[in-house]
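Okay, here's what each chain looks like letter by letter:
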Amino acid sequence: MKIITTFTLLSLSMNLFAGPFRDKIRERWLNREMQGEAPKLTENLRAIKVGDKDRYYIINVPKSYDKTKATPLLLALHGGGGNMEIQAADRFYKVLSKSEKEGFIALFPNGYSKFPSGKFATWNAGNCCGDASDLNSDDVGFIKALIQEVSAKYNIDSKRIYSIGMSNGAMMSYRLACELSDVITGIGAVAGTDNTTTCTPKNPVSVIHIHAKDDTHVLFNGGAGEDAFQDKTKVTNFISVPSTIEKWVKFNECNPKPKRVLASSGAYCDQYLECKNNVSVKLCVTEKGGHSWPGGMKPRGVGPRPTDAISATDTIWSFFTEQGH
(Lines give C-alpha, C1' and ligand atoms only; values in the text may rest on other atoms or scores of the structure.)
Protein backbone atom coordinates (compact mmCIF):
# COMPACT_ATOMS: atom_id res chain seq x y z
CA MET A 1 0.00 0.00 0.00
CA LYS A 2 1.37 3.39 -0.90
CA ILE A 3 1.60 5.87 1.93
CA ILE A 4 1.68 9.61 1.37
CA THR A 5 5.14 10.68 0.25
CA THR A 6 6.78 14.06 -0.18
CA PHE A 7 6.26 13.66 -3.89
CA THR A 8 2.56 12.91 -3.35
CA LEU A 9 2.09 16.04 -1.28
CA LEU A 10 3.92 18.06 -3.91
CA SER A 11 1.73 16.59 -6.62
CA LEU A 12 -1.43 17.43 -4.71
CA SER A 13 -0.35 21.02 -4.26
CA MET A 14 0.43 21.27 -7.97
CA ASN A 15 -3.23 20.57 -8.77
CA LEU A 16 -3.81 24.24 -8.06
CA PHE A 17 -1.69 25.19 -11.06
CA ALA A 18 -1.89 24.63 -14.80
CA GLY A 19 -0.82 21.25 -16.17
CA PRO A 20 2.38 22.36 -17.95
CA PHE A 21 3.70 24.09 -14.83
CA ARG A 22 2.93 21.05 -12.72
CA ASP A 23 4.65 18.75 -15.22
CA LYS A 24 7.83 20.86 -15.18
CA ILE A 25 8.00 20.77 -11.38
CA ARG A 26 7.49 17.01 -11.42
CA GLU A 27 10.18 16.53 -14.08
CA ARG A 28 12.70 18.58 -12.09
CA TRP A 29 11.93 16.61 -8.94
CA LEU A 30 12.33 13.28 -10.73
CA ASN A 31 15.61 14.35 -12.32
CA ARG A 32 16.99 15.40 -8.95
CA GLU A 33 16.02 12.08 -7.36
CA MET A 34 17.42 10.06 -10.28
CA GLN A 35 20.76 11.83 -9.89
CA GLY A 36 20.90 11.20 -6.16
CA GLU A 37 23.50 8.99 -4.50
CA ALA A 38 23.16 5.41 -3.32
CA PRO A 39 23.02 4.85 0.45
CA LYS A 40 26.43 5.03 2.13
CA LEU A 41 27.35 1.68 3.64
CA THR A 42 28.08 1.49 7.36
CA GLU A 43 28.39 -1.23 9.97
CA ASN A 44 24.61 -1.36 10.21
CA LEU A 45 23.60 -0.34 6.67
CA ARG A 46 24.68 -3.05 4.25
CA ALA A 47 24.21 -4.14 0.65
CA ILE A 48 23.67 -7.51 -1.00
CA LYS A 49 23.80 -8.26 -4.72
CA VAL A 50 20.63 -9.86 -6.07
CA GLY A 51 20.94 -10.54 -9.78
CA ASP A 52 22.49 -7.39 -11.23
CA LYS A 53 21.05 -5.06 -8.58
CA ASP A 54 22.38 -3.94 -5.22
CA ARG A 55 19.75 -4.31 -2.52
CA TYR A 56 20.12 -2.61 0.83
CA TYR A 57 19.18 -3.36 4.42
CA ILE A 58 19.76 -2.12 7.95
CA ILE A 59 20.68 -4.65 10.63
CA ASN A 60 20.51 -4.37 14.39
CA VAL A 61 22.43 -6.98 16.37
CA PRO A 62 21.43 -6.54 20.01
CA LYS A 63 24.09 -5.91 22.60
CA SER A 64 23.09 -9.16 24.30
CA TYR A 65 23.91 -11.26 21.22
CA ASP A 66 25.87 -14.39 22.11
CA LYS A 67 27.34 -16.28 19.17
CA THR A 68 27.09 -19.54 21.13
CA LYS A 69 23.30 -19.25 21.35
CA ALA A 70 20.76 -19.56 18.55
CA THR A 71 19.13 -16.13 18.12
CA PRO A 72 15.71 -15.28 16.64
CA LEU A 73 15.65 -13.22 13.43
CA LEU A 74 12.94 -10.70 12.60
CA LEU A 75 12.53 -8.85 9.30
CA ALA A 76 10.54 -5.60 9.45
CA LEU A 77 9.22 -4.48 6.05
CA HIS A 78 8.30 -0.86 5.40
CA GLY A 79 5.09 0.35 3.76
CA GLY A 80 4.73 1.34 0.12
CA GLY A 81 6.49 4.62 -0.61
CA GLY A 82 8.65 4.23 2.49
CA ASN A 83 12.14 2.85 3.02
CA MET A 84 14.30 0.92 5.46
CA GLU A 85 15.30 4.02 7.43
CA ILE A 86 11.68 4.91 8.18
CA GLN A 87 10.92 1.38 9.35
CA ALA A 88 14.04 1.32 11.52
CA ALA A 89 13.20 4.66 13.18
CA ASP A 90 12.23 3.65 16.71
CA ARG A 91 9.93 6.61 17.28
CA PHE A 92 7.64 5.27 14.55
CA TYR A 93 7.59 1.48 14.99
CA LYS A 94 9.59 0.67 18.15
CA VAL A 95 11.11 -2.45 16.59
CA LEU A 96 14.69 -1.38 17.28
CA SER A 97 14.17 -1.03 21.02
CA LYS A 98 12.23 -4.31 21.05
CA SER A 99 15.22 -5.99 19.41
CA GLU A 100 17.46 -4.80 22.21
CA LYS A 101 14.99 -5.71 24.95
CA GLU A 102 14.12 -9.20 23.67
CA GLY A 103 17.47 -10.09 22.14
CA PHE A 104 16.49 -10.84 18.54
CA ILE A 105 18.38 -9.66 15.45
CA ALA A 106 16.29 -7.19 13.47
CA LEU A 107 16.60 -6.65 9.72
CA PHE A 108 15.07 -3.69 7.90
CA PRO A 109 15.26 -4.47 4.16
CA ASN A 110 14.63 -1.82 1.50
CA GLY A 111 12.02 -2.52 -1.14
CA TYR A 112 12.43 -1.90 -4.86
CA SER A 113 13.10 1.72 -5.85
CA LYS A 114 14.03 3.24 -9.19
CA PHE A 115 15.91 5.97 -7.32
CA PRO A 116 19.59 5.46 -6.34
CA SER A 117 18.76 6.60 -2.81
CA GLY A 118 16.31 3.73 -2.34
CA LYS A 119 13.58 6.14 -1.29
CA PHE A 120 9.90 5.77 -2.22
CA ALA A 121 10.28 2.00 -2.39
CA THR A 122 7.60 -0.65 -2.78
CA TRP A 123 7.33 -4.44 -2.47
CA ASN A 124 6.18 -6.90 -5.10
CA ALA A 125 3.48 -8.53 -3.02
CA GLY A 126 1.54 -9.95 -5.96
CA ASN A 127 -1.28 -7.62 -6.94
CA CYS A 128 0.45 -4.69 -5.26
CA CYS A 129 2.37 -2.37 -5.21
CA GLY A 130 3.87 0.28 -7.49
CA ASP A 131 7.02 -0.23 -9.56
CA ALA A 132 7.96 -3.38 -7.66
CA SER A 133 4.79 -5.14 -8.79
CA ASP A 134 4.70 -3.53 -12.25
CA LEU A 135 8.28 -4.59 -13.00
CA ASN A 136 7.98 -7.96 -11.22
CA SER A 137 10.85 -7.23 -8.84
CA ASP A 138 12.34 -10.41 -7.35
CA ASP A 139 11.70 -9.39 -3.77
CA VAL A 140 11.20 -12.98 -2.61
CA GLY A 141 14.65 -13.80 -4.00
CA PHE A 142 16.07 -10.76 -2.19
CA ILE A 143 14.61 -11.76 1.18
CA LYS A 144 15.71 -15.38 0.75
CA ALA A 145 19.27 -14.32 -0.12
CA LEU A 146 19.29 -11.87 2.79
CA ILE A 147 18.25 -14.53 5.30
CA GLN A 148 20.93 -16.88 3.94
CA GLU A 149 23.63 -14.20 4.19
CA VAL A 150 22.75 -13.21 7.75
CA SER A 151 22.40 -16.85 8.82
CA ALA A 152 25.93 -17.50 7.53
CA LYS A 153 27.34 -14.66 9.66
CA TYR A 154 25.33 -15.09 12.85
CA ASN A 155 23.96 -17.96 14.91
CA ILE A 156 20.33 -17.72 13.78
CA ASP A 157 17.61 -19.93 15.24
CA SER A 158 16.14 -21.46 12.06
CA LYS A 159 12.91 -22.24 13.91
CA ARG A 160 12.39 -18.58 14.85
CA ILE A 161 12.61 -16.53 11.65
CA TYR A 162 9.81 -13.99 11.33
CA SER A 163 8.61 -11.30 8.94
CA ILE A 164 6.45 -8.38 9.97
CA GLY A 165 5.31 -5.42 7.92
CA MET A 166 3.21 -2.31 7.58
CA SER A 167 0.71 -2.01 4.70
CA ASN A 168 2.55 -3.05 1.51
CA GLY A 169 5.16 -4.59 3.85
CA ALA A 170 2.39 -6.64 5.47
CA MET A 171 1.29 -7.80 2.03
CA MET A 172 4.87 -8.81 1.25
CA SER A 173 5.03 -10.76 4.52
CA TYR A 174 2.02 -12.74 3.35
CA ARG A 175 3.81 -13.50 0.08
CA LEU A 176 6.83 -14.72 2.05
CA ALA A 177 4.53 -17.00 4.06
CA CYS A 178 3.21 -18.39 0.78
CA GLU A 179 6.57 -18.92 -0.92
CA LEU A 180 9.13 -19.27 1.89
CA SER A 181 7.16 -21.32 4.41
CA ASP A 182 10.15 -23.63 4.70
CA VAL A 183 12.14 -20.65 6.02
CA ILE A 184 9.65 -18.24 7.63
CA THR A 185 8.17 -19.43 10.93
CA GLY A 186 5.59 -16.70 11.44
CA ILE A 187 4.42 -13.35 10.09
CA GLY A 188 2.89 -10.23 11.58
CA ALA A 189 0.77 -8.11 9.22
CA VAL A 190 -0.42 -4.61 10.10
CA ALA A 191 -2.88 -2.74 7.85
CA GLY A 192 -2.18 -4.94 4.83
CA THR A 193 -4.00 -8.06 3.61
CA ASP A 194 -2.98 -11.12 1.56
CA ASN A 195 -3.01 -9.98 -2.07
CA THR A 196 -0.86 -12.76 -3.49
CA THR A 197 -1.69 -14.09 -6.96
CA THR A 198 -0.76 -17.67 -6.04
CA CYS A 199 -0.20 -19.22 -2.64
CA THR A 200 0.88 -22.81 -2.00
CA PRO A 201 2.75 -22.91 1.31
CA LYS A 202 4.73 -26.08 1.95
CA ASN A 203 4.42 -25.76 5.72
CA PRO A 204 2.00 -24.15 8.18
CA VAL A 205 2.95 -20.60 9.20
CA SER A 206 1.79 -18.73 12.29
CA VAL A 207 -0.04 -15.53 11.34
CA ILE A 208 -1.05 -12.50 13.38
CA HIS A 209 -2.95 -9.74 11.63
CA ILE A 210 -3.71 -6.30 13.10
CA HIS A 211 -6.16 -3.96 11.37
CA ALA A 212 -8.26 -0.91 12.21
CA LYS A 213 -11.94 -0.94 11.31
CA ASP A 214 -11.65 2.67 10.13
CA ASP A 215 -8.66 2.06 7.81
CA THR A 216 -9.37 4.25 4.77
CA HIS A 217 -6.58 2.80 2.59
CA VAL A 218 -6.82 -0.99 2.85
CA LEU A 219 -10.50 -1.28 3.72
CA PHE A 220 -11.33 -3.83 6.40
CA ASN A 221 -14.06 -5.42 4.30
CA GLY A 222 -12.12 -5.28 1.06
CA GLY A 223 -11.22 -2.76 -1.62
CA ALA A 224 -9.15 0.40 -1.63
CA GLY A 225 -10.28 3.65 -0.06
CA GLU A 226 -10.58 6.88 -2.02
CA ASP A 227 -7.32 8.17 -0.54
CA ALA A 228 -5.37 4.95 -1.17
CA PHE A 229 -3.94 5.71 -4.61
CA GLN A 230 -3.06 8.98 -6.26
CA ASP A 231 -2.89 7.29 -9.67
CA LYS A 232 -6.38 5.87 -10.12
CA THR A 233 -5.18 3.57 -12.91
CA LYS A 234 -3.19 1.58 -10.34
CA VAL A 235 -5.96 1.01 -7.80
CA THR A 236 -5.85 -2.48 -6.30
CA ASN A 237 -9.07 -4.10 -5.13
CA PHE A 238 -7.58 -5.31 -1.87
CA ILE A 239 -8.69 -8.61 -0.40
CA SER A 240 -10.67 -8.15 2.81
CA VAL A 241 -9.38 -8.90 6.29
CA PRO A 242 -12.00 -11.65 6.92
CA SER A 243 -11.10 -13.37 3.62
CA THR A 244 -7.39 -13.21 4.46
CA ILE A 245 -7.91 -14.77 7.88
CA GLU A 246 -10.25 -17.44 6.51
CA LYS A 247 -7.60 -18.35 3.91
CA TRP A 248 -4.85 -18.89 6.49
CA VAL A 249 -7.12 -20.68 8.95
CA LYS A 250 -7.76 -23.20 6.15
CA PHE A 251 -4.10 -23.41 5.12
CA ASN A 252 -3.08 -24.08 8.73
CA GLU A 253 -5.99 -26.47 9.32
CA CYS A 254 -7.12 -24.59 12.44
CA ASN A 255 -10.36 -24.90 14.37
CA PRO A 256 -12.59 -22.40 12.47
CA LYS A 257 -14.20 -21.18 15.69
CA PRO A 258 -11.91 -18.58 17.30
CA LYS A 259 -11.41 -17.72 20.94
CA ARG A 260 -12.15 -14.04 21.45
CA VAL A 261 -10.26 -11.93 23.95
CA LEU A 262 -10.93 -8.27 24.73
CA ALA A 263 -7.49 -6.72 24.32
CA SER A 264 -8.62 -3.32 25.62
CA SER A 265 -11.60 -1.00 25.50
CA GLY A 266 -10.77 -0.20 21.88
CA ALA A 267 -9.58 -3.55 20.55
CA TYR A 268 -10.29 -7.28 20.53
CA CYS A 269 -8.40 -10.34 19.30
CA ASP A 270 -9.73 -13.58 17.80
CA GLN A 271 -7.32 -16.52 18.02
CA TYR A 272 -7.71 -19.70 15.98
CA LEU A 273 -6.22 -22.72 17.73
CA GLU A 274 -5.77 -26.47 17.21
CA CYS A 275 -3.84 -25.78 14.01
CA LYS A 276 -1.44 -28.11 12.24
CA ASN A 277 2.10 -28.28 13.65
CA ASN A 278 1.07 -26.18 16.67
CA VAL A 279 0.92 -22.92 14.70
CA SER A 280 -1.83 -20.36 15.27
CA VAL A 281 -3.75 -17.61 13.50
CA LYS A 282 -4.70 -14.45 15.37
CA LEU A 283 -6.67 -11.38 14.29
CA CYS A 284 -6.57 -8.22 16.40
CA VAL A 285 -9.03 -5.48 15.46
CA THR A 286 -8.91 -1.89 16.67
CA GLU A 287 -11.89 0.44 16.44
CA LYS A 288 -9.79 3.48 15.57
CA GLY A 289 -6.38 4.36 14.20
CA GLY A 290 -6.92 4.34 10.44
CA HIS A 291 -4.03 3.20 8.27
CA SER A 292 -1.28 3.13 10.88
CA TRP A 293 0.82 1.09 13.33
CA PRO A 294 -0.95 0.83 16.71
CA GLY A 295 1.17 2.09 19.56
CA GLY A 296 3.56 3.88 17.23
CA MET A 297 3.73 7.18 15.40
CA LYS A 298 2.95 8.08 11.81
CA PRO A 299 6.00 8.95 9.70
CA ARG A 300 3.84 11.58 8.02
CA GLY A 301 1.02 13.48 9.69
CA VAL A 302 -1.77 12.43 7.33
CA GLY A 303 -4.97 10.76 8.53
CA PRO A 304 -5.95 9.57 12.02
CA ARG A 305 -3.25 9.16 14.66
CA PRO A 306 -2.33 5.57 15.59
CA THR A 307 -4.42 4.05 18.33
CA ASP A 308 -2.93 3.28 21.73
CA ALA A 309 -5.50 0.54 22.36
CA ILE A 310 -2.71 -1.98 21.72
CA SER A 311 0.95 -1.92 20.78
CA ALA A 312 1.42 -3.71 17.46
CA THR A 313 5.11 -4.39 18.13
CA ASP A 314 4.51 -5.83 21.62
CA THR A 315 1.43 -7.80 20.55
CA ILE A 316 3.20 -9.38 17.57
CA TRP A 317 6.30 -10.37 19.52
CA SER A 318 4.22 -11.82 22.35
CA PHE A 319 2.30 -13.87 19.79
CA PHE A 320 5.53 -15.26 18.32
CA THR A 321 6.96 -16.20 21.71
CA GLU A 322 3.67 -17.75 22.85
CA GLN A 323 3.77 -20.13 19.89
CA GLY A 324 6.79 -21.78 21.44
CA HIS A 325 8.77 -21.36 18.23
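All values derive from a computational prediction rather than experimental measurement.

## Digging into unusual backbone geometry
In step 1: Going from Cys128 to Cys129, the amide bond is cis rather than trans, its omega being 15°.
In step 2: Structurally, the position occupied by Cys129 is in the loop between β4 (105–109) and α6 (130–134).
In step 3: Phi is positive for Lys94, which is not a glycine, with a value near 60°.
In step 4: Structurally, Lys94 can be placed in the loop between α4 (90–93) and α5 (95–102).
In step 5: The class of Lys94 is partly exposed, set by a relative accessible area of 39%.

## Looking at the confidence of the model for the chain
In step 1: The pLDDT averaged across the chain works out to 89; a share of 86% of its residues lies at or above 70.
In step 2: Note on residues 1–17: pLDDT under 50 across the span, and 43 contacts to partners over four residues away in sequence or across chains.

## Regarding the sheet that holds β4
In step 1: In spatial order, the strands read β1-β2-β4-β3-β5-β6-β7-β10-β9-β8; together these 10 strands make up an open sheet with mixed pairing. At either margin of the open sheet sits one strand with a lone partner, and together these are β1 (45–50) and β8 (259–264). The mean inter-strand angle of the sheet, taken between neighbouring strand axes irrespective of direction, is 20°.
In step 2: For strand β3 (residues 71–77) and strand β5 (residues 156–166), the ladder comprises six bridges, and the chain directions are parallel. Bridge pairing in β5 places Leu75 opposite Ser163.
In step 3: Against the sheet, helix α10 (residues 312–322) contacts β3, β5, β6 (186–190), β7 (206–212), β9 (267–272) and β10 (281–286), and its axis sits at roughly 160° relative to β7.

## Some remarks on the environment of Ala312
In step 1: Tracing the sequence through the fold places Ala312 in helix α10.
In step 2: A relative accessible area of 0% means that Ala312 is categorised as buried.
In step 3: Linking Ala312 and Tyr93, residues 219 residues apart in sequence, is a C-alpha distance of 8.4 Å.

## Here's the deal with the state of the cysteines
In step 1: Here the structure, examined in full by the defined rule, presents four disulfides.
In step 2: Going through the chain in sequence order and numbering each bonded cysteine, the pairs you get are 1-2, 3-4, 5-7, 6-8.

## Points about the pairing of β7
Consecutive side chains along a regular strand alternate between the two faces of the sheet.
In step 1: Burial analysis of β7 places seven of its seven residues in the buried class, the great majority of the element.
In step 2: Burial of the side chains of β7 extends over both faces: Ser206, Ile208, Ile210 and Ala212 are buried on one face and Val207, His209 and His211 on the other.
In step 3: Across five bridges, the pairing between β6 and β7 is parallel. Counterpart to Val190 in the pairing with β7 is Ile210.
In step 4: Bridge count between β7 and β10: six bridges; the pairing is parallel. From the neighbouring strand, Ile208 faces β10, where its bridge partner is Lys282.

## Let's talk about the pattern of salt bridges
In step 1: Inspection of every chain in the model, using the stated rule, returns 12 salt bridges.
In step 2: For Lys40, the salt bridge identified is with Glu37, shortest N-O distance 2.8 Å.
In step 3: Between Lys250 and Glu246 there is a salt bridge, and its shortest N-O distance comes to 3.5 Å. Taken together, the residues span about one helical turn, with Lys250 and Glu246 both in helix α9 (residues 241–251) at a distance of four residues.
In step 4: Taking relative accessible area as the criterion, Lys250 reaches 58% and is therefore assigned exposed.

## A word on the packing of helix α7 (residues 139–153) against helix α8 (residues 168–179)
In step 1: The N-to-C vectors of α7 and α8 enclose an angle of 75°; their axes lie 11 Å apart at closest approach. Looking at the two axes, α7 sits roughly perpendicular to α8. Residue-level contacts link Asp139, Val140 and Ile143 of α7 to Met172, Arg175, Leu176 and Glu179 of α8.
In step 2: Counted by class, the contact of α7 with α8 contains four nonpolar, no polar and three charged residues.

Cut-offs and rules
- Residues numbered from 1 in each chain as written.
- Predicted model: local features only at pLDDT ≥ 70, side-chain atom pairs only at ≥ 80, totals over all residues.
- Heavy atoms only, no water.
- Helix = DSSP H or I, 4+ residues; strand = E, 2+ residues; numbered from the N terminus.
- Buried < 20%, exposed > 50% of the residue type's maximum accessible area, 1.4 Å probe, protein only.
- pLDDT = per-residue confidence, 0-100.
- Contact = heavy atoms within 4.5 Å.
- Pairing = 2+ DSSP bridges.
- Axes fitted to C-alpha atoms, helices over the stretch in contact; angles between N-to-C directions.
- Disulfide = S-S within 2.5 Å.
- Salt bridge = Lys/Arg side-chain N within 4 Å of Asp/Glu carboxyl O.
- Parallel < 35°, antiparallel > 145°, perpendicular 65-115°, else oblique.
- Nonpolar A, V, L, I, M, F, W, Y, C, P; charged D, E, K, R; others polar.

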